[in-house]
Amino acid sequence: MSGRFVRASKYRHVYGRPTKKDQCYDNLRVSNNAWDTNLVKVNPKYLSVNWQASGGGAFAVIPLNETGKLPERIPLFRGHTAAVLDTDWNPFHDDIIASGSDDGKVLLWKVPESHTVRPDPEAIDSIEDSLKPFSRLSSQSKKVGHVSFNPAAEDVLATTSSDTVKIWDIKNEAEKHTFNAGNIVQSQSWSANGARLVTTVRADKKDDNKLKIWDPRQATAVSETKGHVGAKNSRAIWLGERDQIATTGFSKFSDRQLALWDIRAMQEPITGFITLDKNSGVNMPFWDDSTNCLYLAGRGDGNIRYFELENNKFEPLDEYKSADPQRGIAFMPKRGVNMHDTELTRAYKTVDDTYIQPISFIVPRKSETFQDDIYPPTIGLTPAMSVDEWVGGKEAIPPKISMASLYDGEGAKEVSGVQDKPTTSIDAPAPKPAEPAPKKSEPTPLPAAREPVSEPTPVARPAASMKDQGASMAAMVNKFADDKEDEASTADEDDDSSFEEVPKPIERTPRSPAVETSSPRVSSPLRPKEPGPKVESKPEPKPEPRISTSTTPTPSPSDSAVPSSSISKELAEIKSLISAQTRTIAAQAQQVESLTAEIESLKTQLK
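Residues numbered from 1 in each chain as written. Predicted model: local features only at pLDDT ≥ 70, side-chain atom pairs only at ≥ 80, totals over all residues. Heavy atoms only, no water.

## Notes on the overall build of the protein chain
The number of helices and strands found in the protein chain is 14 helices and 33 strands. Put simply, 54% of the contacts in the protein chain that link residues at least 6 apart link residues at least 24 apart. Of the accessible surface of the protein chain, which amounts to about 30900 Å², a share of 52% is contributed by carbon and sulfur atoms. (Helix = DSSP H or I, 4+ residues; strand = E, 2+ residues; numbered from the N terminus. Contact = heavy atoms within 4.5 Å. Areas by Shrake-Rupley, 256 points an atom, 1.4 Å probe, with all protein chains shown as cover.)

Right, dumping it as structure tokens:
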């Protein structure tokens, strides 16, 4: 334990807690399509699952409160003619979802308010007939591998089709921009203000994997660099409101890697490519902007690593380990976590393609009150801009809501001013919290020193520090002395000493040191000679005149002779006591040396 440094972090003891089987979502048929997506998406109301369906593509929408074993047949969202590859929930409307399929189409759906996966068996056909998309974006000729809503602007959607990225205005069902990525797009992620889009692009025979940052409103790449060199897929995720990106991928030796990038200097990762392990599954990254934590879920294994980003470095926190591998996983938005259980986030992982298990990541705290340090304001349901404003070049973070209002059951309440903070990430200072600190610490001692009623004892004590020290040392000496006269005088003085009756010590100047220590108000040997009226009015607000007279005394020669002689006598007693203690310590040291020599000789004889 000696020399071991433990990094201070409030998330150091976060642990993953699996849900019991009866609280999972059982009897599912998760799609077995080999395309590399997360297969499931979640919001605070619903869970969407890419479904293994015959006769065309489909996906299921499961209300979060309908846990347990599902019926053999449930209502499905059918409309694609090939397998559904990806879905994404609208961040500002929990009932709207987009789906992309192998048939090259993008469909938008609205979940009915009365939607359930346990209807009457006779009504399933009629329910499916009513589940129709309200918008079709079908101009792409190749399969749509990824769909993702803009996190800041309303009605803006990004889709990828093999080597093409398209930006859509879903309100008007219009294609805004199209740009060629050069090869198959493996992942995409928006910045928090919706102004940039990052993609990872598969390597071809002539070049390595690429990491590209796009300006989606101009359809141009603003930055491009060489990514992970391994042949397997890589992922990229924008780290919320930071100017940083995290990527997962593989080395040329097929080791799994993690990297952190600064978008202003994309030549190399900030800390290089970090080797994680030698597993073969793609790491699916998820970022929690309110806690600066990154979660990595391995595709094909059951483990979930999580890190805290601090000082441009991913600090490992812990790892949730499970023998049940996952092929897909989704993480709950912050406004949907259970704050009463101090839950940081919740993951929904697929198991054996038959059921989905929620995993809660808990901060172990006993407090039953709202934990404002781990639940700062988070993004709500109000967009920062319309699609027209976004096209016009506006950049903004959506308004944030108070997590405390959700904790108290008051609903989502917006917090003014929080969304206006800068989105730059490197060394993001907090000037506002830093300023109140001196304001709290400076005013408190000033009123205490200026108020005459508050008895500023710390000001009076330094004036007589030498006397107090000498008196306390003399009192320790007198405890071991057999001076009956001093004991008698001490007993007499204890009966008379009082905080209210200060004039009595004035007539008893030749008091013993033990008596002086029993009355803490006598802070100076010159104070007993103060005039009577001043001493009697001491409980009244006149401590300042008494302090001023003690600091600038004008005693007569006869008055100063008494305390100086008593001080010299006390100092002589202290010196004698110190010399006696010194002799005792020296004798004990000699005894210790002799005992040590005897022990060493005994050890030699035993050998």
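## Comments concerning unusual backbone geometry
Of note, N27 is a non-glycine position whose phi angle comes to about 65°, a positive value. Residue placement: N27 occurs in the loop between β2 (25-26) and β3 (40-42). What makes N27 buried here is its relative accessible area of 16%. (Buried < 20%, exposed > 50% of the residue type's maximum accessible area, 1.4 Å probe, protein only.)

## Observations regarding the sheet that holds strand β18 (residues 210-215)
Sheet architecture is open: four strands sit in the order β16-β17-β18-β19, paired in antiparallel fashion. At either margin of the open sheet sits one strand with a lone partner, and together these are β16 (185-190) and β19 (220-226). Direction aside, the axes of adjacent strands within the sheet are offset by 20° on average. (Pairing = 2+ DSSP bridges. Axes fitted to C-alpha atoms, helices over the stretch in contact; angles between N-to-C directions.)

## Topic: empty space enclosed by the protein
Scanning the model with the defined rule gives three cavities of 30 Å³ or more in all. Taken as a whole, the largest cavity encloses approximately 40 Å³ of empty space. Every residue lining the largest cavity is listed: T200, N209, K210, L211, G227, H228, S234, T247 and W261. (1 Å grid on protein atoms, 1.4 Å probe; cavity = no way out; pocket = protein on both sides within 12 Å on 5 of 7 lines; lining within 4 Å. Points joined across faces, edges and corners; volume = space filled by probe spheres on them.)

## Structural notes on the packing of aromatic side chains
Two numbers describe a pair of aromatic rings. These are the distance of the centres and the angle of the planes. Under the counting rule described, the total for this entry stands at 18 aromatic pairs. Both rings, one in Y46 and one in W89, keep their centres 5.7 Å apart while their planes meet at 20°; by these two values the pair is stacked. Of this pair, Y46 sits in strand β4 (residues 46-51) while W89 sits in strand β8 (residues 84-89), placing them 43 residues apart in sequence. One exposure class covers both Y46 and W89, and it is buried. Aromatic pair F59 and F77: ring centres 5.1 Å apart, planes at 20°, arrangement stacked. Taken together, the residues F59 in strand β5 (residues 57-63) and F77 in strand β7 (residues 77-80) connect sequence positions 18 residues apart. Of the two residues, F59 and F77, both sit in the buried class. Through pairs of rings, three or more aromatic residues link up here, namely F286, Y295, Y306, Y320, F331 and F361. It is K21 that lies over the ring of Y355; its NZ or CZ is 4.5 Å from the centre. (Phe/Tyr/Trp six-rings, centres within 6.5 Å; stacked < 30°, edge-to-face > 60°. Lys NZ or Arg CZ within 6 Å of the ring centre and 35° of its normal.)

## Quick notes on the nonpolar core
Residues Y11, Y295, I304, I329, F331 and F361 are the most contacted members of the largest nonpolar core, which totals 24 residues. For this core, the secondary-structure elements that each account for two or more residues are β24 (283-288), β25 (293-298), β26 (304-310), β27 (313-320), β28 (329-331), β29 (343-351), β30 (355-362) and α3 (403-407). If one sorts the elements of this core by residue count, β25 sits on top with three residues. Grouped together as the second largest cluster of nonpolar side chains are 21 residues, Y25, V40, A58 and A330 included. (Core = buried A, V, L, I, M, F, W, Y, C linked by side-chain atoms within 4.5 Å.)

## So, the side chain of T378
Looking at the secondary structure, you find T378 in strand β31 (residues 378-379). In this structure, T378 is in contact with K334, R335, P399, K400, I401 and M403, ignoring residues within four places of it in sequence.

## What to know about the sheet that holds strand β33 (residues 414-415)
Pairing in this open sheet of three strands is antiparallel, and the strands run β31-β32-β33 from one edge to the other. Sheet topology places β31 and β33 at the edges, where each strand pairs with a single neighbour. Relative to β33, strand β32 (residues 400-401) runs antiparallel, the two sharing two bridges. Bridging from a neighbouring strand, I401 pairs with E414 of β33.

## Focus on the pairing of strand β12 (residues 146-149)
Neither face of β12 is open: one carries H146 and S148, the other V147 and F149, and all of them are buried. Strand direction decides the pairing type here: β12 and strand β13 (residues 156-161), joined by four bridges, are antiparallel. Within β13, the position partnered with V147 by the bridge is T159. Between β12 and β13, which pair antiparallel one after the other, the connecting turn spans six residues, and D155 there sits at a positive phi close to 65°.

## Considerations on the confidence of the model for the protein chain
Note: predicted coordinates in regions of low pLDDT should not be interpreted at a detailed level. In this model, the protein chain carries a mean pLDDT of 80, and residues with pLDDT of at least 70 account for 73%. Below pLDDT 50 for its whole length, residues 420-467 participates in 36 contacts with residues either more than four positions away or in separate chains. In the model, residues 479-562 has pLDDT below 50 throughout and makes 68 contacts with residues more than four positions away in sequence or in other chains. (pLDDT = per-residue confidence, 0-100.)

## Points about the pattern of salt bridges
Close approach of charged atoms allows side chains of opposite charge to pair. This model, assessed by the stated rule, comprises 31 salt bridges. In this structure, D341 engages R17 in a salt bridge whose closest nitrogen and oxygen atoms are separated by 3.7 Å. You can see D341 sitting in the loop between β28 and β29 and its partner R17 sitting in strand β1 (residues 15-18), a full 324 residues away along the chain. On the basis of relative accessible area, D341 is assigned to the partly exposed category, the value being 36%. Here the salt bridges do not stand alone but share partners, grouping R7, E308, E310 and E315 into one network. (Salt bridge = Lys/Arg side-chain N within 4 Å of Asp/Glu carboxyl O.)

## Here we look at the environment of R196
You can see R196 is positioned in the loop between β16 and β17 (197-201). Taking the relative accessible area as the measure of exposure, R196 reaches 26% and is therefore partly exposed. Sequence separation between R196 and N150 is 46 residues, and the spatial gap between their C-alpha atoms is 9.7 Å.

## Structural notes on the side chain of T342
Note on placement: T342 falls in the loop between β28 and β29. Its relative accessible area of 4% is what places T342 among the buried residues. Only 2.6 Å separates the side chain of T342 from the backbone oxygen of V363, close enough to count as a polar contact. With residues up to four places along the chain from it excluded, the contact list for T342 reads F361, I362, V363, R365, Q371 and Y375. (Polar contact = N/O pair within 3.5 Å; in protein donor to acceptor, adjacent residues only side chain to side chain.)

## A word on the environment of E343
Structurally, E343 can be placed in strand β29. Expressed as a C-alpha distance, the spacing of E343 and Y15, which sit 328 residues apart in the sequence, is 9.8 Å. Contacts of E343, omitting those with residues within four sequence positions, involve V337, N338, S360, F361, I362 and Y375. A distance of 2.8 Å separates a polar atom in the side chain of E343 from the backbone nitrogen of N338.

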